Amino acid sequence: MHYTTKRRGYLSYVIGQLHAVGLMYRKDIDIKIMKEDYSTDGCHVVLELNFDNHELLRNRVSSENFQNLEISGPTFLSLFPFAIVFDNTMEIVAVGKKIEDVVPGLKGRRLDHCFTHRRPYHALLKWDSIIMHTNCTFVLNTVDPVTRRNLGGTAGKGSPSMQYTG
């Protein structure tokens, strides 16, 4: 597991939280620190987590059952109303209903013109970098202010940006 943060001193807290999650599932978790890197930007720690996972493996559905699963674009967007779909030129080709409600007019615009990113710190908001970090959660902020009108309230001052995690 990779743990990255700008804050120092939270590693023991994170390890304690992982042990607490194990207790909730009645699992002992053995945690080993494999690598620790500290810089002025924060820290990056690689943890090895070992626990009994035989129940999951026994009940796991074979991935072969899903190999030919097809889902339409509208169905995908109804399942994920906060989704933003973009192509390799960074053009936004579709958005979920909730994103469209809050930030209208995204379709056809470039992702990197509509959003800046806060995390992951080491990635860029460029296609190649995003593809290399598909296992990371990206936190995006809107470039343009989000107004109360967009949020369904009365018109008024906009907040500086909306934070989007996904």
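Being a predicted model, the structure only gives us computed values, none of them experimental.

Asker: What is the right way to look at the sheet that holds strand 1 (residues 2-5) in this model?
Answerer: A sheet is described by the order of its strands in space; here three strands give the open sequence 1-3-2, paired in antiparallel fashion. The sheet is open, and its two edges are formed by strand 1 and strand 2 (30-39), each paired on a single side. Each adjacent strand pair in this sheet contributes to an overall mean axis angle of 20°, direction not counted. Both strand 1 and strand 3 (residues 42-50) contribute to a ladder of four bridges, which runs antiparallel.

Asker: Quick question: what am I supposed to make of the packing of aromatic side chains here?
Answerer: Two numbers describe a pair of aromatic rings. These are the distance of the centres and the angle of the planes. In total, this model carries three aromatic pairs according to the counting rule given. Residues Phe76 and Phe80 carry aromatic rings whose centres are separated by 5.0 Å and whose planes lie at 40° to one another, so their mutual orientation is tilted. Residue Phe76 is classed as partly exposed on the basis of its relative accessible area of 31%. The ring of Tyr10 is capped by Arg7, whose NZ or CZ atom sits 4.4 Å from the centre of that ring.

Asker: Quick question: what am I supposed to make of the layout of surface pockets here?
Answerer: Over the atoms, a rolling probe the size of a water molecule traces out where space has been left empty. Put simply, the second largest pocket is a space of about 320 Å³. The wall of the second largest pocket is formed by His2, Thr4, His44, Arg119, Pro120, Tyr121, His122, Asn135, Cys136, Thr137 and Val139. Of the residues that constitute the lining of the second largest pocket, the class distribution is four nonpolar, six polar and one charged.

Asker: Before we go on, may I ask you to explain the pattern of salt bridges in this structure?
Answerer: A side chain of one charge can pair with a side chain of the opposite charge when the charged atoms of the two come close. Summed over the entire model, instances satisfying the criterion amount to four salt bridges. Of the charged contacts in the structure, one is a salt bridge between Lys35 and Asp37, with a shortest N-O distance of 3.6 Å. Taking the relative accessible area as the measure of exposure, Asp37 reaches 35% and is therefore partly exposed. A salt bridge links Asp112 to Arg110, with the nearest nitrogen and oxygen atoms 2.7 Å apart. Residue class for Arg110 comes out partly exposed when judged on its relative accessible area of 32%.

Asker: How should I be thinking about the confidence of the model for the chain in this particular structure?
Answerer: Interpreting fine coordinate detail is not advised for predicted regions of low pLDDT. In the predicted model, the chain carries a mean pLDDT of 82, and the fraction of residues at 70 or more is 80%. Taking the mean pLDDT of every element in the chain, the minimum, 58, falls on strand 8 (residues 163-165) and the maximum, 93, on strand 5 (residues 92-95).

Asker: Help me understand helix 1 (residues 11-24) in this model?
Answerer: Residues three or four positions apart in an α-helix share a direction because the helix packs 3.6 residues into each turn. Here helix 1 spans 20 Å end to end across 14 residues, near enough to the 20 Å set by a 1.5 Å rise per residue. Turning to helix 1, its buried residues are Leu11, Val14, Ile15, Leu18 and Gly22. Along the axis of helix 1, the buried positions cluster into a sector of 100°, meaning they face one direction only. In helix 1, the exposed positions that point more than 90 degrees away from the buried face belong to Ser12, Tyr13, Leu23 and Met24. Along its buried surface, helix 1 packs onto strand 1, strand 2 and strand 3.

Rules of the game
- Residues numbered from 1 in each chain as written.
- Predicted model: local features only at pLDDT ≥ 70, side-chain atom pairs only at ≥ 80, totals over all residues.
- Heavy atoms only, no water.
- Pairing = 2+ DSSP bridges.
- Helix = DSSP H or I, 4+ residues; strand = E, 2+ residues; numbered from the N terminus.
- Axes fitted to C-alpha atoms, helices over the stretch in contact; angles between N-to-C directions.
- Phe/Tyr/Trp six-rings, centres within 6.5 Å; stacked < 30°, edge-to-face > 60°.
- Buried < 20%, exposed > 50% of the residue type's maximum accessible area, 1.4 Å probe, protein only.
- Lys NZ or Arg CZ within 6 Å of the ring centre and 35° of its normal.
- 1 Å grid on protein atoms, 1.4 Å probe; cavity = no way out; pocket = protein on both sides within 12 Å on 5 of 7 lines; lining within 4 Å.
- Points joined across faces, edges and corners; volume = space filled by probe spheres on them.
- Nonpolar A, V, L, I, M, F, W, Y, C, P; charged D, E, K, R; others polar.
- Salt bridge = Lys/Arg side-chain N within 4 Å of Asp/Glu carboxyl O.
- pLDDT = per-residue confidence, 0-100.
- Expected span 1.5 Å × (residues − 1).
- Arc of directions from axis to C-beta.
- Contact = heavy atoms within 4.5 Å.

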